[in-house]
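# Chains, contacts and geometry: an overview
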Amino acid sequence: MTTSSQSKNQQSDNRQQIGNWQTSSRWRGISRPYSQQDVDRLKGSMEIEHTLARHGAERLWNLLTGGSEPFVPALGAVTGNQAVQQVKAGLKAIYVSGWQVAADANNAGQMYPDQSLYPADSVPNLVRRINQALMRADQIHHAEGNKNEGNKNDDLNWFPPLIADAEAGFGGNLNAFELMKAMIEAGAACVHFEDQLSSAKKCGHLGGKVLVPTTEAIQKLVAARLAADVMNVPTLIMARTDADSANLLTSDIDPRDREFLTGERTVEGFYRFKGGLKAAIARGLAYAPYADILWCETSKPDLEEAREFAEAIHKVFPGKLLAYNCSPSFNWKKNLDDATIASFQHELGRMGYKFQFVTLAGFHALNLAMFELARGYKQAGMTAYSRLQEKEFLREQQVGYEAVKHQRFVGTGYFDAVQQVITSGTTSTMALEGSTEQAQFTDVVDLLVEKSYNRGNRRNDSGGASPVESDDLSSHDLSSDDRSSDGRSVEATNWEESDELMPSGD
């Protein structure tokens, strides 16, 4: 039993981790318009530990500030399985997008545009769902002792920081306070709030955006920080401004906003606002003392615009962390040439944009992958699905892709182990043993490599084209792990015709 004295000592120790606001390097440059006594009064007598949120926050802070990474890249995940694949592929952070929640992962079960139409607890619930999927992956690999991976997972951290979208807070300061608490309970490491009017919120790349006064946006950042302090977690707070492309403001009460007003009003009573980079910089400077990271939402991928924002912020707040949305709303090839696209993120990293993310990656990957399979299946039937399966086998051999063995992937073997422990090894109802997966998916990759290699040799001997190189979106450089047991390149054993799932490639 924990005594009252022990509980007080634990609270004191935890306060030291979050406290020391004036001396800890973690909180350098962060303003809190309240005291530790205010926090102690509001937190209650029972100290509850939020392990996932704390682990994620500390890990993200180290990634962003430790110097080991030029920047931290992330993709938006719309399901738990997508998050597992991202971690297995090597990404160290995951973005949880409100847009994707609106589109396909909200509690209402609706498909919505990004206009805060979904229930306010939908993003925390997706954060929780993602963390639960990652916990299952960790349990499976821990229980297996990594034996199926040749110990490749020894240094794999299954608990990356989740950066979650709180939109405009779904209401006033108290809504922001409660939403932040829900995010932490679900295990978010970082939460971002934007300066739009919550009742008229729009995706940053839609029109009709309405800003709230600068002071109101700051109060929501303070509400989020207070919630994190009350819950005793060093959660990162990201402040996003939509002032670059917004043209409406709810009130002229804040003097900092008045230079951007035109003097006109709309039929709804909103003030006309002169949005642009200058307005975004003014907002960023105002938010900097209350946020760990600043995000300026932009309308196109523009390095000079990014540099101007970064230099203006860093002139006043040297070293302030910045985030950049590498948005799918941008037509990248239309705006930039191939060389610039390739170097884009590294250039941003040198400017101080330490967190860079593709918000809707999960949505686009999910839809295109299923469309391609459905199109191939309609035209070629099981040939299309068989080609998809062959590609899975190859990725398993090349880079450790695991979902091809879908029974194991979701934890059948793990729960067999649970049953074994419960019955002291006497159970006769083991699920994975004797399964078709165990019988048919063993050593299949080596046979597939041999088949593809021989087929490629026949084509080369006859003067034909060699097998098409991998359609992978990553580099084609191969390490020793990317070769079959006899040294042949697995990368060269991919599709003969194309990335499509039809034999004709049509």
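Summary of the structure given here. Per chain, residue numbering runs from 1 following the sequence as it is written. Residues qualify for local features only when their pLDDT is at least 70, as the model is predicted, and side-chain atom pairs are given and counted only at 80 or more; totals for whole chains, interfaces and linings, by contrast, use all residues. Excluded from the side-chain calculations are hydrogens and water; all other atoms, namely the structure's heavy atoms, are used.

Next up on the list: unusual backbone geometry. The phi dihedral of S116 falls on the positive side, at around 55°, and the residue is not glycine. In this structure, E167 is a non-glycine residue whose phi angle is positive, near 55°. Each helix is a run of H or I in the DSSP string that is no shorter than four residues. Each strand is a run of E no shorter than two, and both are numbered from the N terminus. Within the fold, E167 resides in the loop between β3 (162-165) and α7 (173-186). Exposed residues in this analysis have more than 50% of their type's maximum accessible area, buried residues have under 20%, and partly exposed residues fall in between, with area computed by a 1.4 Å probe over protein chains only. Assessed through its relative accessible area of 0%, E167 is described here as buried.

Our next topic: the sheet that holds strand β2 (residues 94-96). One requirement defines pairing of two strands: DSSP has to find at least two bridges between them. Strand order in this closed barrel of eight strands is β1-β2-β3-β4-β6-β10-β11-β12, and the pairing throughout is parallel. Going across the sheet, the axis of each strand differs from the next one's by a mean of 25°, ignoring polarity. Residue contacts are counted whenever heavy atoms from the two residues lie within 4.5 Å of one another. Orientation is described by axes fitted as lines to C-alpha atoms, over the contacting stretch for helices, and by angles from 0 to 180 degrees between their N-to-C directions. Helix-sheet contacts for helix α3 (residues 51-65) involve β1 (72-76), β3, β4 (190-194), β6 (236-241), β10 (293-296), β11 (321-325) and β12 (353-358), and the interaxial angle to β6 is about 65°. Sitting on the sheet, helix α6 (residues 122-144) is in contact with β2 and β3, with an inclination near 160° to β3.

Right, let's talk about helix α9 (residues 277-287) for a bit. When you tally the buried positions in α9, you get eight out of 11 residues, the bulk of the element. Residues L277, A279, A280, I281, R283, G284, A286 and Y287 constitute the buried set of α9.

In this section: the sheet that holds strand β7 (residues 248-249). Strand order in the open sheet formed by four strands is β5-β7-β9-β8, and the pairing between neighbours is mixed. Single-partner strands in this sheet number two, and they are β5 (210-211) and β8 (261-265). One ladder, built from two bridges, connects β8 with strand β9 (residues 271-273); its direction is antiparallel. Residue pairing for β9: L261 is matched across the bridge by F273.

The subject of this paragraph is the pattern of salt bridges. Throughout this description, the term salt bridge denotes a Lys or Arg side-chain nitrogen within 4 Å of a carboxyl oxygen of Asp or Glu. Enumeration according to the criterion identifies 26 salt bridges in this entry. As a salt-bridge pair, R240 and D242 come within 2.9 Å of each other at their nearest N and O atoms. The class of R240 is buried, set by a relative accessible area of 5%. Under the relative-accessibility criterion, D242 is labelled buried at 0%. Between D257 and R283 there is a salt bridge, with its nearest N and O atoms 3.3 Å apart. Placement of D257 in the loop between β7 and β8 and of R283 in helix α9 is noted, with a sequence separation of 26 residues between them. Assessed through its relative accessible area of 2%, R283 is described here as buried. Connected via shared salt-bridge partners are D114, E167, E194, K201, R240, D242 and E297.

Each Phe, Tyr or Trp ring (for Trp, its six-membered ring) is paired with any other whose centre lies within 6.5 Å, and the angle between the two planes then decides the class: stacked below 30 degrees, edge-to-face above 60, tilted in between. Evaluated as defined, the whole model comprises 11 aromatic pairs. Residues W99 and F363 carry aromatic rings whose centres are separated by 4.9 Å and whose planes lie at 80° to one another, so their mutual orientation is edge-to-face. On the criterion of sequence distance, the pair formed by W99 in helix α5 (residues 98-104) and F363 in helix α13 (residues 361-380) is long-range, its members being 264 residues apart. Of the residues examined, W99 reaches a relative accessible area of 22% and is grouped as partly exposed. Residue classification places F363 among the partly exposed residues on the basis of a relative accessible area of 25%. Counting every residue linked through ring pairs, the aromatic cluster contains Y324, F330, W332, F344 and Y353. The aromatic ring of Y271 is capped on one face by R265, whose charged end is 3.9 Å from the ring centroid. Put simply, a charge is over a ring when the Lys NZ or the Arg CZ is close to the ring centre, within 6 Å, and near the line of the ring normal, within 35 degrees.

Looking now at the packing of α13 against helix α14 (residues 382-399). Two numbers describe how α13 lies on α14: the axes approach to 6 Å, and their chain directions differ by 135°. If you check the angle between α13 and α14, you find them oblique. Of the residues in α14, those touching α13 at L373, G376, Y377 and A380 are M382, T383, A384, Y385 and L388. Amino acids outside the nonpolar list (Ala, Val, Leu, Ile, Met, Phe, Trp, Tyr, Cys, Pro) and the charged list (Asp, Glu, Lys, Arg) are all regarded as polar, and Gly is one of them. Looking at side-chain class alone, the contact of α13 with α14 contains seven nonpolar, two polar and no charged residues. Note on terminology: angles under 35 degrees are roughly parallel, angles over 145 are roughly antiparallel, angles of 65 to 115 are roughly perpendicular, and the others are oblique.

Let us now look at a nonpolar patch on the surface. Each patch is built from salt-bridge-free residues with over 30% relative accessible area, joining like charges within 9 Å and nonpolar side chains (Val, Leu, Ile, Met, Phe, Trp, Tyr) within 5 Å. Residue exposure ignores everything except the shown protein chains as possible cover, and the areas themselves are Shrake-Rupley values with a 1.4 Å probe. The grouping of Y377, M382 and Y385 at the surface amounts to a nonpolar patch, some 330 Å² of accessible area in total. When you line up the elements, Y385 lands in helix α14. For Y385, a relative accessible area of 33% translates into the label partly exposed.

Here, the term nonpolar core denotes a set of buried Ala, Val, Leu, Ile, Met, Phe, Trp, Tyr and Cys residues that are joined through side-chain atoms within 4.5 Å. One finds M180 and Y353 to be the most contacted residues of the largest nonpolar core, which totals 95 residues. Considering every element that reaches this core, the biggest residue donor is helix α8 (residues 214-230), with 10 residues. Formed by 19 residues, the second largest nonpolar core is a distinct cluster that contains L64, A74, A93 and A323.

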